[in-house]
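Now for the letters of each chain:
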Amino acid sequence: MLRTLTRCSTRLPRFSVPPPRNYLFRPIFTKGIFSGNDEPAAAAPEPPRAPSPSTKIEKLLLDSIKATGPLPFSTYMQMCLSHPTHGYYTNPEHEVFGRQGDFITSPEISQVFGELLAVWLISQWMDKGLPPIRLVELGPGRGTLMEDVLRVFAQLDAVKSHLTQVHLVETSLTMRALQQERLAPRSTAMGFRLDWYDSIYDIKDSPDEYTMLIAHEFFDALPIHLLQKSQQGWHEVLVASQEYAAQQQANSTSTSTTPKYPFHRVLTPTPTPISSILGSSSPRFQTIPEGGQLEVSPFAFRMARQVGFLLSQNRVGGAGLIIDYGGDNCFGDSFRAFKDHKLADVFEQPGECDLTANVDFAYLKESMADLVTPHGPLPQGEFLESMGLGIRLK
Ligand code: SAH
């Protein structure tokens, strides 16, 4: 069984996300892979000199664009968040969560959140006749949610004695160190194995164990591709450098402006293999009109499918809860950045801001529908109320 929740997160801005920029709809390239128009009649003026990069990630991205051309938004997002040393989640200098950081998540606000999730997991497990348990979390952050869940498990002898392993899927070594500090004492006190994995695919089948899985504010951090529909089909919106864009420009009018950030959105002139495949990866995407945009994450699709496998490929089954903000639909312009608890431009200080995109829960459900029974999404408040939030707070 799998339930999904829409998240009522403190990371959500109180105002709406700005609409896509107009220049997206006006590809400005005249040659190279974005060819389509004639060569410029007159020689273009010198492109503006790029200012020195604001961050190490910005430099890496600009170098990469210089070497091989514009990048998909997925690569941009992955580099910014998960570069092994300078990424947002991997750089030990980043505070990330809490008042000192850039955003606060529900488990960091109140332990009640994790406790109620634990109640739900236990209720699902009890229906299966109390088999041994393994507990999996995707992207555990500081380990706060897992600690809150384990506190409840520790108080119930029947649950505690059945918990054999806790698996944490975490790519950031910095986050792993925080999780270790927080959860190792629990592992010793309660007697379960505690293991880390780079990828959900590394978690092995365990036929006799009931799998409990949680993922809180994890899927929104997975890279998205940004597509745009035309009469020809789905094109991909890519990240180019201002310098690259200026060099390719037929019309020199905008080369004199000093852009705020060194990146520029560009559109592939024709559908590409990847944009065509992703654009047809759900029948729902067919209804998007020409000119419409689509954020789509093949990483989220694959990850969710693997969640389906983990919950179904054993004799006793399992239950999972994916908590994120998003909806039962796709989104076209939800990609955004947060810095110091405020909405920022996605091109601002790459690697220093949190990047996030709404989760298309319908897409996650489509990925696993032949493996498990997905439910939801439902609003977070509704779920917590049904788990006894009102009574717990009295
Ligand atoms: N669940 C926590 C943290 C959310 S932030 C909370 O709600 O407070 C996202 C977490 O996922 C971080 O720990 C980050 O390092 C991790 N993460 C991001 N991308 C990942 C990936 N592809 N695989 C594994 N972990 C990832």
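Nothing here was measured: the structure is a model prediction, and the numbers come from that model.

Participant: Hey, could you run me through the confidence of the model for the protein in this one?
Facilitator: Segments scoring low in pLDDT should not have their predicted coordinates read at a detailed level. Across the protein, the average pLDDT comes to 87, with 85% of residues at or above 70. Every residue in residues 6-43 is under pLDDT 50, and counting partners more than four places away or in other chains gives 91 contacts. A low-confidence stretch, residues 251-256 stays under pLDDT 50, and its non-local contacts, those more than four residues away or across chains, total six contacts.

Participant: I tried to follow the packing of helix H5 (residues 144-155) against helix H7 (residues 173-190) on my own but got confused; where do I start?
Facilitator: Angle between the axes and distance between the axes are the two parameters that describe a pair of packed helices. Two elements in contact, H5 and H7, have axes whose closest approach is 10 Å; the angle formed by their N-to-C orientations is 20°. Considering the angle they form, H5 stands roughly parallel to H7. Remark: the crossing between H5 and H7 carries left-handed chirality. Seen from H5, the contacting residues are Thr144, Met146, Glu147, Leu150, Arg151, Phe153 and Ala154; seen from H7, they are Arg182, Leu183, Arg186 and Met190. Among the residues making up the contact of H5 with H7, the classes are represented as six nonpolar, one polar and four charged.

Participant: Would you mind going over the packing of aromatic side chains with me for this structure?
Facilitator: Two aromatic rings are characterised by how far apart their centres lie and by the angle between their planes. The tally for this structure, following the rule as stated, stands at 11 aromatic pairs. Seen from their ring centres, Trp120 and Phe383 are 6.3 Å apart, and the 65° between their planes marks the pair as edge-to-face. Here the residue Trp120 occupies a position in helix H4 (residues 111-126), and Phe383 occupies one in helix H12 (residues 380-386), the gap between them amounting to 263 residues. Comparing Trp120 with Phe383 shows no difference in burial state: the two are buried. Taken together, the ring pairs in this structure connect Phe73, Tyr76, Phe263, Phe335 and Phe347 into an aromatic cluster.

Participant: Sorry, what's going on with the sheet that holds strand S13 (residues 336-339) here?
Facilitator: Picture the strands of a sheet paired through backbone hydrogen bonds; they go either parallel or antiparallel. An order of S14-S13-S15 is seen for the three strands of this open sheet, with the pairing classed as antiparallel. Two strands lie at the open edges of the sheet, namely strand S14 (342-344) and strand S15 (354-356), each paired on one side alone. For this sheet, the mean angle separating the axes of adjacent strands, direction not counted, is 40°. With three bridges joining them, S13 and S15 adopt antiparallel strand pairing. Following the sheet pairing, Ala337 is matched in S15 by Leu355.

Calculation notes
- Numbering of residues starts from 1 in each chain and follows the order in which that chain's sequence is written.
- pLDDT decides what is reported in this predicted model: residues at 70 or higher carry local features, side-chain atom pairs at 80 or more are listed and counted, and totals for whole chains, interfaces and linings draw on all residues regardless.
- The side-chain values count all of the structure's non-hydrogen atoms but skip hydrogen atoms and water molecules.
- Per-residue confidence from the predictor is reported as pLDDT, a score between 0 and 100.
- Any two residues whose heavy atoms approach within 4.5 Å are treated as being in contact.
- Helix axes use the C-alpha atoms of the stretch in contact, all axes being lines fitted to C-alpha atoms, and the angles between their N-to-C directions lie in the range 0 to 180 degrees.
- Starting at the N terminus, helices and strands are each numbered in turn, a helix being any DSSP run of H or I of at least four residues and a strand any DSSP run of E of at least two.
- Any angle from 65 to 115 degrees is called roughly perpendicular, while one under 35 is roughly parallel, one over 145 is roughly antiparallel, and all others are oblique.
- In this scheme the handedness of a crossing depends on how the near helix is turned from the far one: anticlockwise by less than a right angle means left-handed, clockwise means right-handed.
- Residues are grouped as follows: Ala, Val, Leu, Ile, Met, Phe, Trp, Tyr, Cys and Pro are nonpolar; Asp, Glu, Lys and Arg are charged; every other residue, Gly included, is polar.
- Here a Phe, Tyr or Trp ring, Trp counted by its six-membered ring, pairs with any other such ring whose centre lies within 6.5 Å, and the pair is stacked when the planes are under 30 degrees apart, edge-to-face when over 60, and tilted otherwise.
- Exposure categories follow from relative accessible area, calculated using a 1.4 Å probe and restricted to protein chains: below 20% of the type maximum is buried, above 50% is exposed, and the middle band is partly exposed.
- What makes two strands pair is DSSP finding at least two bridges between them.

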